[in-house]
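# Examination of the molecular architecture
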Amino acid sequence: MKSTLVKSLSKNGAFREKSEAYLRSAVNFFDSAIAQAEAGELQSAASLILKALDQERRAGSVGPQVLQLIKPRT
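What counts and what doesn't
Residues numbered from 1 in each chain as written. Predicted model: local features only at pLDDT ≥ 70, side-chain atom pairs only at ≥ 80, totals over all residues. Heavy atoms only, no water. Salt bridge = Lys/Arg side-chain N within 4 Å of Asp/Glu carboxyl O. Helix = DSSP H or I, 4+ residues; strand = E, 2+ residues; numbered from the N terminus. Buried < 20%, exposed > 50% of the residue type's maximum accessible area, 1.4 Å probe, protein only. Contact = heavy atoms within 4.5 Å.

Moving on to the pattern of salt bridges. Using the criterion set out here, one finds two salt bridges in the structure. In this structure, aspartate 54 and arginine 57 form a salt bridge, with 2.6 Å as the shortest nitrogen-oxygen distance. Of this pair, aspartate 54 and arginine 57 are both found in helix H2 (residues 42-60), three residues apart, which corresponds to roughly one turn of the helix. Taking the relative accessible area as the measure of exposure, aspartate 54 reaches 24% and is therefore partly exposed. Accessibility expressed as a relative area gives 52% for arginine 57, which makes it exposed.

If you want it as structure tokens, here you go:
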């Protein structure tokens, strides 16, 4: 049986790997966008930039999410 700490560390490693994969994908999209922009394909470059920004957003939201943990007093 694994301890809670070991489970937590392995999950954090998995979250980090997933986040890094999203960031690598974002870099690839940005590089492709630069190439498209230099070739004059501005519409395609804009689309690639939006995809890259989406990947960056996903990288920032990897991991457990805590919503409505603190409830306001009424």
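This is not the end of the story, as more comes after the structure.
This part covers the environment of serine 19. Its location among the elements puts serine 19 in helix H1 (residues 4-38). Looking at serine 19, the relative accessible area reads 17%, which means it is buried. Between the C-alpha atom of serine 19 and that of glycine 63, which follows or precedes it by 44 residues, the distance is 8.7 Å. In this structure, serine 19 is in contact with Ala59 and Val62, ignoring residues within four places of it in sequence.

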